[in-house]
Amino acid sequence: MFIIIRTVILLLLILPRISNAEVRTFKHSQTAQAISAEGSCAVVEMTAEQCQLLALQRARASAIEQASGIAVTSSTLVTNGALAVDFIKTYSKGFIINEKVEWLPLGQYQKDKSTAPIPEYTVKIVADVYSPDKKIKPLGLNAKLNSIIFKDGDKARIGIKTARKAKIAVFNITGDDKVVMLFPNDYEKDNIIIENAMLTFPADNSKTELIMQTLPGHKRDAEAFFIAAMDADYVKDFMDVFTFNNPMSLSAFFRKYADISDFCEDVVLTYEVVAHN
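Being a predicted model, the structure only gives us computed values, none of them experimental.

### Some remarks on the nonpolar core
When a protein is soluble and globular, its nonpolar side chains tend to lie buried together.
So, step 1. By size, the foremost hydrophobic cluster in this structure holds 53 residues, and its most contacted members are Phe171, Phe238, Phe242 and Tyr257.
So, step 2. Every residue in contact with Phe171, bar those within four places of it in the chain, is listed here: Val179, Val180, Met181, Leu182, Ala224, Phe225, Phe226, Ala228, Phe238, Phe242 and Phe253.
So, step 3. Formed by 26 residues, the second largest nonpolar core is a distinct cluster that contains Ile136, Ala166, Ile193 and Phe225.

### What to know about the packing of aromatic side chains
So, step 1. One pass over the structure, following the stated rule, counts 18 aromatic pairs.
So, step 2. Seen from their ring centres, Phe171 and Phe242 are 4.9 Å apart, and the 70 degrees between their planes marks the pair as edge-to-face. Taken together, the positions of Phe171 in strand E12 (residues 166–173) and Phe242 in the loop between strand E17 (220–231) and strand E18 (248–249) put the pair 71 residues apart, joining distant regions of the chain.

### Let's talk about helix H3 (residues 250–258)
So, step 1. Most of H3 sits out of view: seven of its nine residues are buried.
So, step 2. Restricting attention to buried positions, one finds in H3 the residues Leu250, Ser251, Ala252, Phe253, Phe254, Tyr257 and Ala258.

### Observations concerning the environment of Asp259
So, step 1. Following the sequence through the fold, Asp259 ends up in the loop between H3 and strand E19 (264–274).
So, step 2. With a relative accessible area of 60%, Asp259 lands in the exposed category.
So, step 3. Between the C-alpha atom of Asp259 and that of Val241, which follows or precedes it by 18 residues, the distance is 9.1 Å.

### Things to note about the sheet that holds strand E8 (residues 142–145)
So, step 1. If you walk across this open sheet you meet the three strands as E8-E11-E15, and the pairing is antiparallel. Two strands close off the open sheet at either side, each with one partner strand: E8 and strand E15 (198–201). Across the sheet, the mean angle separating the axes of adjacent strands is 20 degrees when strand polarity is ignored.
So, step 2. Of the strand pairs in this sheet, strand E11 (residues 158–161) and E15 are connected by four bridges, and their pairing is antiparallel. Within E15, the position partnered with Gly159 by the bridge is Thr200.

### Here's the deal with the pairing of E11
Side-chain positions along a regular strand alternate between the two faces of the sheet.
So, step 1. Summarising the sheet, E8 and E11 pair through four bridges and their orientation is antiparallel. Looking at E11, one finds that Lys144 is bridged to Gly159.

### Concerning the pairing of strand E7 (residues 118–130)
So, step 1. In the sheet, strand E3 (residues 31–42) pairs with E7 via ten bridges, with the strands oriented antiparallel. When the sheet's bridge partners are listed, Ser40 is paired in E7 with Thr122.
So, step 2. Bridge count between strand E5 (residues 95–103) and E7: eight bridges; the pairing is antiparallel. Looking across to E7, one finds that Ile96 is bridged to Val129.
So, step 3. Looking at chain direction, strand E6 (residues 107–109) and E7 are connected through three bridges and run antiparallel. The partner of Gly107 across the bridge, within E7, is Glu120.

### Regarding the side chain of Glu188
So, step 1. With respect to the secondary-structure elements, Glu188 resides in the loop between strand E13 (178–183) and strand E14 (192–193).
So, step 2. No salt bridge is formed by the buried Glu188, whose closest oppositely charged neighbour, Lys207, lies at an N-O distance of 7.9 Å.
So, step 3. Here the side chain of Glu188 touches Ser206 through a polar contact of 2.7 Å, side chain to side chain.

The rules we used
- Residues numbered from 1 in each chain as written.
- Predicted model: local features only at pLDDT ≥ 70, side-chain atom pairs only at ≥ 80, totals over all residues.
- Heavy atoms only, no water.
- Core = buried A, V, L, I, M, F, W, Y, C linked by side-chain atoms within 4.5 Å.
- Buried < 20%, exposed > 50% of the residue type's maximum accessible area, 1.4 Å probe, protein only.
- Contact = heavy atoms within 4.5 Å.
- Phe/Tyr/Trp six-rings, centres within 6.5 Å; stacked < 30°, edge-to-face > 60°.
- Helix = DSSP H or I, 4+ residues; strand = E, 2+ residues; numbered from the N terminus.
- Pairing = 2+ DSSP bridges.
- Axes fitted to C-alpha atoms, helices over the stretch in contact; angles between N-to-C directions.
- Lys, Arg positive; Asp, Glu negative; His and termini not counted.
- Salt bridge = Lys/Arg side-chain N within 4 Å of Asp/Glu carboxyl O.
- Polar contact = N/O pair within 3.5 Å; in protein donor to acceptor, adjacent residues only side chain to side chain.

Set out below in structure tokens:
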């Protein structure tokens, strides 16, 4: 049978414009509250839905940038969908645990007078961003994806290593702005990795495959795998906090993850899925 997890299919074989508000600095393990940021996106070779999501991702990146001091990009107007992967990467630098979204009136973008104007979406968010304070020794998490660009039907595989014994989880940040846990799952619950060993997901003898697909009507989607490693001695495990194959909003996911993040390391593996011509 098939379980469709947005643009990743899990196959079971056995069956901004940054606001001018004052930028505040916060100590680690605090929540930066009510950060205001904006993002804009013009519809260039993408659907209106994708453009709206890209504007939202830009605004989120701006909020995280303000909270953590990282640099994303100087432009707050997005016309290149490929930048989505850069914005998604910022999700591991600060965790948006709450956000209020306000869409501004539809505008127009015109590169110059020789080109026709195109629709421009602008969104304003007010976000709370959590910055963890690690309470564990470094785990040395390292993860690698077998490709950064997939075509419809391609299979993804992730290699994960840690320098210390740890518990591993794999989440998918999907092209429709959801987060879902792929591993551990109801069929593969053993998520312990020992020092310097390689965990491959899906494994060669796994009952699952990750088959990549664009969302219906999309030519290209930007997504990511969020890989988390938890200290093996911590009292909780990922399945105590998250449910397999249960899509969550981004902020709902990070609210849960923030509760355990002081005892975890994480990495974001971004990729794109391209539809066949």
